[in-house]
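Residue-level structural notes
Okay, here's what each chain looks like letter by letter:
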Amino acid sequence: DARVTQTPRHKVTEMGQEVTMRCQPILGHNTVFWYRQTMMQGLELLAYFRNRAPLDDSGMPKDRFSAEMPDATLATLKIQPSEPRDSAVYFCASGLGDNEQFFGPGTRLTVL
Amino acid sequence: DQQVKQNSPSLSVQEGRISILNCDYTNSMFDYFLWYKKYPAEGPTFLISISSIKDKNEDGRFTVFLNKSAKHLSLHIVPSQPGDSAVYFCAASVYNTDKLIFGTGTRLQVFP
């Protein structure tokens with residue numbers, strides 16, 4: 001049963017703390033995306049990778065967010081330092097570069 | 001600048017009747033459109049898509065219509081069922097590229 005997995009599913013932290021979210025894409029997929037869901041913006045694209053190379057991170061606040069793919073089975077999204085306005089659900093998705101993307105269940109982040 | 005807009009945040013429809021969800025886009029380069037469905041605490045899942053060479057695509061109870069001149073697409077669900085209650089996201093892209101641009105979503109509630 002191929003699916004995208006994300007950990008943790010929920011994270012509560014205090015302002016100023018570092019947060020790391022992890023994603024395991026579907027085996028064989030060559031594109032990985034990070035999205036943030038907010039009420040006002042819907043699903044915002046933060047960053048994406050093709051064949052582990054970062055292609056576009058223009059949606060990400062560069063001063064505090066970073067995204068990496070240490071290997072083909074792991075993508076990470078870090079926020080340091082976290083702020084209350086970062087509270088949202090963060091989704092990872094993977095695909096084969098043909099438009100259809102498969103989403104993970106998301107990480108619900110709350111920054112107090 | 002929201003390139004994909006879903007102007008109705010919510011829609012309530014009686015079971016058995018038609019649900020019509022609307023989506024507008026501004027970028028004339030978009031030539032591939034998708035609808036995703038999202039249940040609470042889950043990631044979005046792909047529902048149906050349409051290429052700009054077509055004006056209609058049907059899959060069971062779901063039909064997507066595309067009006068390129070108006071830069072408008074709609075998703076019709078007939079007949080609506082309580083299990084269709086979810087948030088529906090419209091997305092647009094240039095065909096066979098990686099990025100999807102999502103709308104803000106429409107929450108559909110189907111009541112008995």
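Residues numbered from 1 in each chain as written. Chains lettered and ligands numbered in written order. Predicted model: local features only at pLDDT ≥ 70, side-chain atom pairs only at ≥ 80, totals over all residues. Heavy atoms only, no water.

Our focus in this paragraph is the overall build of chain B. Within chain B one finds 0 helices and 11 strands. Overall, chain B shows an N-to-C arrangement of helices and strands of β-β-β-β-β-β-β-β-β-β-β. Relative to its length of 112 residues, chain B is compact, with a C-alpha radius of gyration of 13 Å against a globular reference of 13 Å. Counting only C-alpha atoms and orienting by the principal axes, one finds that chain B spans roughly 40 × 30 × 20 Å. Split into buried and exposed, the 112 residues of chain B put 44% on the buried side. When contacts within chain B are restricted to residue pairs at least 6 apart in sequence, those whose partners lie at least 24 apart make up 54%. Here chain B displays about 5,400 Å² of accessible surface, and carbon together with sulfur accounts for 49% of that area. Taken together, the 11 basic and 10 acidic charged side chains of chain B have centroids lying 3 Å from each other. (Helix = DSSP H or I, 4+ residues; strand = E, 2+ residues; numbered from the N terminus. Rg over C-alpha atoms; globule rule 2.2 N^0.38 Å. Buried < 20%, exposed > 50% of the residue type's maximum accessible area, 1.4 Å probe, protein only. Contact = heavy atoms within 4.5 Å. Areas by Shrake-Rupley, 256 points an atom, 1.4 Å probe, with all protein chains shown as cover. Lys, Arg positive; Asp, Glu negative; His and termini not counted. Charge placed at Lys NZ, Arg CZ, Asp CG, Glu CD.)

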